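# An overview of the molecular structure
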Amino acid sequence: AFNTDGTKMFVVGSIGDEVNEYACSAGFDVSTCAFTDAFSVAAQETFPTGLAFNTDGTKMFVTGTDGDDVNEYACTTGFDVSSCGFTDAFSVSAQETSPTGLAFNTDGTKMFVVGSIGDDVNEYACTAFDVSSCGFTDAFSVAAQETSPTGLAFNTDGTKMFVTGAVGEDVNEYACTAFDVSSCGFT
């Protein structure tokens, strides 16, 4: 994940059980990035796989295949992992027992989780970036293109969804009505 201007890059991993922060001197240019700090999520997730932030970086979200939930962290300084603390968790185990990817719409009223067991993108309705308020809405199968999906992203208006995975080793593009997985079709 990146902050809004690309001067910070964040990497989550299943071995270190932490979110690693990097400062980048040129926005969205990984060749200019240097390690800054790390934040452990091991108390909530010992196999983290997915990472997202709210728009100003004051909330961080981590999912993983061990806890089968989305963990929410409040950060007192935007996009600074050293300032984050655990807030709440939302279980997605009824829909996905191996969540690997995570995304939100721009105002945080929709959350999306992809996983390697269900082979689908699960949509949840939420109060703005508050996982304690989320409820399951719908699911969209990507099994025809990817049977082990791991990554998920949307364009800014949600009319395009992108899914990557471990089996197909490609990026699959879908056309959608704004952030509505029930409307998506493979492109």
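Presented here is an overview of the structure given in this document. Small disclaimer: the values here were computed from a predicted structure and weren't measured. Every chain begins its residue count from 1, and numbering advances along the sequence as written. With the structure being a predicted model, the display of local features is reserved for residues of pLDDT at least 70 and the display and counting of side-chain atom pairs for 80 or more, all residues being used for whole-chain, interface and lining totals. Hydrogens are left out, water is left out, and the side-chain values use all remaining heavy atoms of the structure.

## Overview of the sheet that holds strand β2 (residues 18-24)
Whenever strands of a sheet pair, they do so through backbone hydrogen bonds, lying parallel or antiparallel. So the rule is basically this: Strands are labelled as partners when DSSP assigns at least two bridges between them. Helix and strand definitions here come from DSSP, where helices need a minimum of 4 consecutive H or I residues and strands a minimum of 2 consecutive E residues; each element is numbered from the N-terminal end. Orientation is described by axes fitted as lines to C-alpha atoms, over the contacting stretch for helices, and by angles from 0 to 180 degrees between their N-to-C directions.
Judged by pairing direction, the sheet is antiparallel, and its three strands sit side by side in the order β1-β2-β3 without closing on themselves. Of all the strands in the sheet, the pair left with one neighbour each is β1 (8-13) and β3 (33-40). Direction aside, the axes of adjacent strands within the sheet are offset by 25° on average. Sheet topology note: the β2/β3 ladder contains seven bridges and is antiparallel. Residue pairing across strands places Glu21 opposite Asp37, the latter belonging to β3.

## Observations concerning the pairing of β1
Pairing of β1 with β2 involves six bridges; the strand directions are antiparallel. Note on β2: the bridge partner recorded for Met9 is Tyr22. Where β1 folds back on β2, the antiparallel hairpin that results is connected by four residues, among which Asp17 adopts a positive phi of roughly 55°.

## Side note on the state of the cysteines
We count it as follows: Here, the term disulfide refers to a pair of cysteine sulfur atoms separated by no more than 2.5 Å. Burial classification: accessible surface area is computed with a 1.4 Å probe over protein chains only, and a residue below 20% of its type maximum counts as buried, one above 50% as exposed, and the rest as partly exposed.
Evaluation of the coordinates by the stated rule reveals four disulfides. Disulfide partner of Cys75: Cys84, at an S-S distance of 2.0 Å. Here Cys75 and Cys84 share a disulfide; its torsion about the S-S bond, 95°, makes the bridge right-handed. For the residue pair Cys75 and Cys84, the accessibility class agrees, reading buried in each case. Each sulfur in the disulfide pair Cys176 and Cys184 lies 2.1 Å from the other. Between Cys176 and Cys184, the disulfide has an S-S torsion of 105° and is therefore right-handed. On the basis of relative accessible area, Cys176 is assigned to the buried category, the value being 10%. Look at the protein and number its bonded cysteines as they come in the sequence; the links are 1-2, 3-4, 5-6, 7-8.

## As for the sheet that holds strand β12 (residues 149-154)
Taken in spatial order, the four strands line up as β12-β13-β14-β15 in an open sheet, and their pairing is antiparallel. Lying at the two open borders of the sheet, with one neighbouring strand each, are β12 and β15 (180-186). Between one strand axis and the next, the sheet turns by 35° as a mean value, whatever way the strands run. As paired elements, strand β13 (residues 160-165) and strand β14 (residues 171-177) share five bridges and run antiparallel to each other. From the neighbouring strand, Met161 faces β14, where its bridge partner is Tyr174.

Interpretation note: all reported values are geometric properties and have no functional meaning in isolation.
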